[in-house]
Amino acid sequence: MEIRELKEDKKQFLSLLLLADEQEDMIDRYIEKGTVYVLDDDGVKCQCVVTDEGNGILEIKNIATKPEHQGKGYGKKLIDFLIMNYRETYSVLQVGTGDSPLTVPFYEKCGFIRSHSIKNFFTDYYDHPIYEGGVQLVDMVYLRRKLNL
């Protein structure tokens with residue numbers, strides 16, 4: 001298993017990014033300023049994009065695992081990689097996600113706690129309703145984890 005940074009052609013695994021953020025123009029807002037990592041285990045299984053949000057905050061803008069490989073620990077391995085590689089540089093790792101029964105518990109298992117939310121984010125910024133786990137996403141929920149424990 002290898003985790004590597006994509007420095008060129010950051011959208012080469014766009015179909016994977018679209019699993020976590022299904023509107024390409026939203027991905028375009030952060031992908032070029034972000035750092036893109038892929039987890040390769042006999043093929044790319046998981047990908048994430050992180051950005052520097054200032055004030056010691058590193059944000060996961062997108063993290064996705066291919067559906068047939070979900071639940072096998074790849075997403076957690078990528079988050080553990082981020083924690084290990086950025087804990088000397090940043091104080092907080094945060095993620096914004098929909099208030100979904102599929103994603104929030106995953107982040108909580110990875111040590112994140114709820115921080116704040118942005119009301120109506122998904123209804124204001126997406127051109128169609130977004131559903132996850134049978135729930136329409138409306139508010140963006142932010143979760144944070146301290147990096148320098």
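Residues numbered from 1 in each chain as written. Predicted model: local features only at pLDDT ≥ 70, side-chain atom pairs only at ≥ 80, totals over all residues. Heavy atoms only, no water.

Section: the sheet that holds strand β2 (residues 35-40)
Working step 1: Spatially, β1-β2-β3-β4-β5-β9-β6 is the arrangement adopted by the 7 strands of the open sheet, whose pairing is mixed. Only two strands of the sheet have a single partner each, and these edge strands are β1 (2-6) and β6 (113-118). Neighbouring strand axes in the sheet, compared pairwise and without regard to direction, differ in orientation by 30 degrees on average.
Working step 2: Pairing of β1 with β2 involves 5 bridges; the strand directions are antiparallel. Bridged to E5 within β2 is Y37.
Working step 3: Sitting on the sheet, helix α3 (residues 74-86) touches β1, β2, β3 (44-52), β4 (57-65), β5 (92-98) and β9 (140-146), and the angle it makes with β3 is about 35 degrees. (Pairing = 2+ DSSP bridges. Helix = DSSP H or I, 4+ residues; strand = E, 2+ residues; numbered from the N terminus. Axes fitted to C-alpha atoms, helices over the stretch in contact; angles between N-to-C directions. Contact = heavy atoms within 4.5 Å.)

Some words on the environment of I113
Working step 1: In this structure, I113 sits in strand β6.
Working step 2: Judged by relative accessible area, which is 59%, I113 ranks as exposed.
Working step 3: For the pair I113 and I79, spaced 34 residues apart in the sequence, the C-alpha separation amounts to 14 Å.
Working step 4: Residues in contact with I113, not counting those within four places in the same chain, are Y142, L143 and R144. (Buried < 20%, exposed > 50% of the residue type's maximum accessible area, 1.4 Å probe, protein only.)

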